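Observations on the three-dimensional arrangement
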Amino acid sequence: MASSSCSWDLPEDFIDNAVYFEFDEKKGTFVEVEGYFPQSPDSYSDIEDVEEISDEVVVDFLKSFEDAKQHLVDIMKCLDMVKTELKKKEFATKELGDLVYFLGTEAVRNSDSIILTQKKCTLELLSKANMVDSKPCDTPVIKGARVSIHDGTKLQNASEYRSIVGSLHYLTIIRPGICFPMNYVSQLMHSPTDVHLQLVKRILRYSKGTIGLGITLRKDNLHTLKAYTDSEWASCPDTRRSTSGYKVFLGSNLVSWSSKKQPTVSKSSAKAEYKCLFVASAELKCLVDLLSELHIFVLTPTILLCDNTSALSLASNLVFHARTKHIEIQYHTVR
């Protein structure tokens, strides 16, 4: 785009020598079209063997390579000019460089991956709860039946419990392993007891033992989506509502996850799992739309995995019977 008020001095022949690209939907990438670069030696129809390339063609190719390098230098100069003009006239911008630390998340770059951790945030939270010297544990939740909101003695100072739980939510940004226990203890914030506080402290002890864990994002295929779903049927002892959970992978990278109590009571485990499929399918649809806006197209069918045979049969059945018609009305997105 050009503006009549623009006074930037672009390099000469910047437009004439531009390289032009178009997006190829079949290949899912940008390809060069006729523009600045001359034809490559492979495109000459009268050349049958690489050894027979004339010196003039080689010299022409080397010149084009040098011109390409100069063209990239000109582009970098133009970008610097744009940044300078934006700082002066339009926006207050700042060059931050590569991502290192942002909102409690540390990023470590490798040649083919980015590792996201929250060591500093975890240590600050342990210090806030006076649990820096606590003994680590292997699991964030004790195996067994859930506790009720009525178990234990009510805390005199409930603000401490709520403050720690609120701070722990920041760790779920890159720690999917504690999403389920965080959903668990968050349901007890209105009337916490000493038993509930022990659940929160166990999450802190688990976080201390796994302080170096996080998310690794690797260079991988961006054209495949896969989701894993699961639910805990009637897990809440007070409301008997189920909990849904899912994880979504873009290629081999984990990009989305959730653990949340279902809004209504499910009378069977199949219905609880089917509701979970509905939530995960809606998330997949949003991700597909988002990727398409970024010109990243999912080339293969999205895969939605479930471990409940009844829910799978219900999802694949083309005819809903009278007893399951209400499921079709509420959760038909799975189709």
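Report follows, based on the coordinates. (Residues numbered from 1 in each chain as written. Predicted model: local features only at pLDDT ≥ 70, side-chain atom pairs only at ≥ 80, totals over all residues. Heavy atoms only, no water.)

1. Some remarks on the overall build of the protein
We count it as follows: Helix and strand definitions follow DSSP, with helices as H or I runs of at least four residues and strands as E runs of at least two, each counted in order from the N terminus. Remark: exposure states derive from per-residue accessible area (1.4 Å probe, protein chains only) relative to the maximum for the residue type, with buried under 20%, exposed over 50%, and partly exposed in between. The Shrake-Rupley method, run with a 1.4 Å probe sphere, supplies the accessible areas, and residue values consider only the shown protein chains as cover.
Per the secondary structure count, the protein includes 8 helices and 10 strands. Buried residues in the protein amount to 33% of all 335 residues. Here the protein displays about 21,900 Å² of accessible surface, and carbon together with sulfur accounts for 56% of that area.

2. Thoughts on empty space enclosed by the protein
Our working rule: Of the grid points, spaced at 1 Å and generated over the protein atoms alone, those admitting a 1.4 Å probe that cannot get out make up cavities, while open sets with protein on both sides within 12 Å along at least five of seven lines make up pockets; any residue with an atom within 4 Å of a point is treated as lining. Grid points are joined across faces, edges and corners, and a volume is the space filled by probe spheres set on the points. Amino acids outside the nonpolar list (Ala, Val, Leu, Ile, Met, Phe, Trp, Tyr, Cys, Pro) and the charged list (Asp, Glu, Lys, Arg) are all regarded as polar, and Gly is one of them.
In total, this model carries 2 cavities of 30 Å³ or more according to the counting rule given. For the largest cavity, the calculated volume is near 50 Å³. Around the largest cavity, the lining residues are Ala129, Met131, Glu160, Ile164, Leu197, Val200, Lys201 and Leu204. Elements represented by at least two residues in the lining of the largest cavity include exactly helix 3 (158–168) and helix 5 (194–209). The element contributing the most residues to the lining of the largest cavity is helix 5, with 4 residues. Class assignment of the residues belonging to the lining of the largest cavity gives a composition of 6 nonpolar, no polar and 2 charged. Going through the elements one at a time, helix 4 (179–186) and helix 5 are the ones with two or more residues in the lining of the second largest cavity. Split by residue class, the lining of the second largest cavity holds 7 nonpolar, no polar and 1 charged.

3. A few points about the environment of Gly209
Considering the arrangement of structural elements, one finds Gly209 in helix 5. When its relative accessible area of 46% is taken as the criterion, Gly209 is described as partly exposed. For Gly209 and Thr139, which are 70 residues apart along the polypeptide, the C-alpha to C-alpha distance reads 9.4 Å.

4. Re the packing of aromatic side chains
Applied cut-off: Only rings of Phe, Tyr and Trp enter the pairing, Trp through its six-membered ring, and a pair is recorded when the two centres are within 6.5 Å. The plane angle decides the type: under 30 degrees is stacked, over 60 is edge-to-face, the rest tilted. Only when the NZ of Lys or the CZ of Arg is both within 6 Å of the ring centre and within 35 degrees of the ring normal is a charge said to sit over the ring.
Applying the stated criterion across every chain, the model contains 1 aromatic pair. Seen from their ring centres, Tyr228 and Phe249 are 5.8 Å apart, and the 85 degrees between their planes marks the pair as edge-to-face. Within this pair, whereas Tyr228 is found in strand 7 (residues 225–232), its partner Phe249 is found in strand 8 (residues 243–250), the two being separated by 21 residues in sequence. Positioned above the aromatic ring of Tyr184, the side-chain terminus of Arg146 is 4.7 Å from the ring centre.

5. So, the side chain of Ser242
Worth spelling out the cut-off: Here a polar contact is taken to be a pair of N or O atoms separated by no more than 3.5 Å, where protein atoms must pair a possible hydrogen donor with a possible acceptor and residues adjacent in sequence count only if both atoms sit in side chains. Throughout, a residue-residue contact means that at least one pair of heavy atoms, one from each residue, lies within 4.5 Å.
Here Ser242 is to be found in the loop between strand 7 and strand 8. Overall, Ser242 belongs to the buried group, its relative accessible area being 0%. Engagement of the side chain of Ser242 in a polar contact is seen with the backbone nitrogen of Ala234, the distance being 2.9 Å. Ignoring anything within four residues of it in the chain, the contact list for Ser242 reads Glu232, Trp233, Ala234, Ser235, Lys260, Lys261, Gln262, Ser266 and Ala272.

6. Some remarks on the pairing of strand 7
For a regular strand, side chains alternate in direction, first toward one face of the sheet and then toward the other. Heads up, the rule is: In this scheme, strands are said to pair when DSSP sees at least two bridges between them.
Burial along strand 7 is one-sided: the residues Leu225, Ala227, Thr229 and Ser231 are buried and none of Lys226, Tyr228, Asp230 and Glu232 is. Two elements, strand 7 and strand 8, share 8 bridges in a ladder whose sense is antiparallel. Within strand 8, the residue paired with Asp230 across the bridge is Gly245. Judged from the 3 bridges that link them, strand 7 and strand 10 (residues 303–305) form a sheet pairing that is parallel. Each residue of the ladder has a partner; that of Ala227, found in strand 10, is Leu304.

7. Description of unusual backbone geometry
Keep in mind that most residues, glycine aside, have a negative phi and that most peptide bonds are trans. Within the chain, Ala234 stands out as a residue other than glycine whose phi angle is a positive 50 degrees. Mapped onto the elements of the fold, Ala234 is located in the loop between strand 7 and strand 8. Within the chain, His295 stands out as a residue other than glycine whose phi angle is a positive 60 degrees. Of note, His295 is situated in the loop between helix 6 (269–293) and strand 10.

8. Some thoughts on the sheet that holds strand 10
We count it as follows: Here the axes come from fitting lines to C-alpha atoms, over the contacting stretch only for helices, and the angles between their N-to-C directions go from 0 to 180 degrees.
Reading across the sheet, the 4 strands line up as 9-8-7-10 and stay open at both edges, with mixed pairing between neighbours. In this open sheet, the two strands that pair with only one neighbour each are strand 9 (253–261) and strand 10. Strand-to-strand twist in this sheet, taken as the mean axis angle between neighbours without regard to direction, amounts to 15 degrees. Contacts from helix 4 reach strand 7, strand 8 and strand 9 within the one sheet, and its direction differs from that of strand 9 by about 25 degrees. Each of strand 7, strand 8, strand 9 and strand 10 is contacted by helix 6, which is oriented at about 155 degrees to strand 7, the strand it contacts most.

9. Digging into the nonpolar core
Across soluble globular proteins, nonpolar side chains have a tendency to be buried as a group. Threshold: Residues grouped as a nonpolar core are buried Ala, Val, Leu, Ile, Met, Phe, Trp, Tyr and Cys residues, joined through side-chain atoms within 4.5 Å.
In terms of nonpolar packing, the biggest core is built from 24 residues, with Tyr161, Leu168, Met182, Val185, Val200 and Leu204 touching the most fellow members. At the level of elements, helix 2 (119–128), helix 3, helix 4 and helix 5 are the ones that each hand at least two residues to this core. Discounting residues that sit within four places of it in the chain, Tyr161 has contacts with Leu155, Val185, Leu188, Met189, Pro192, His196, Leu197 and Val200. Tyr246, Val248, Leu284 and Leu287 belong to the second-largest nonpolar core, a separate cluster that totals 9 residues.

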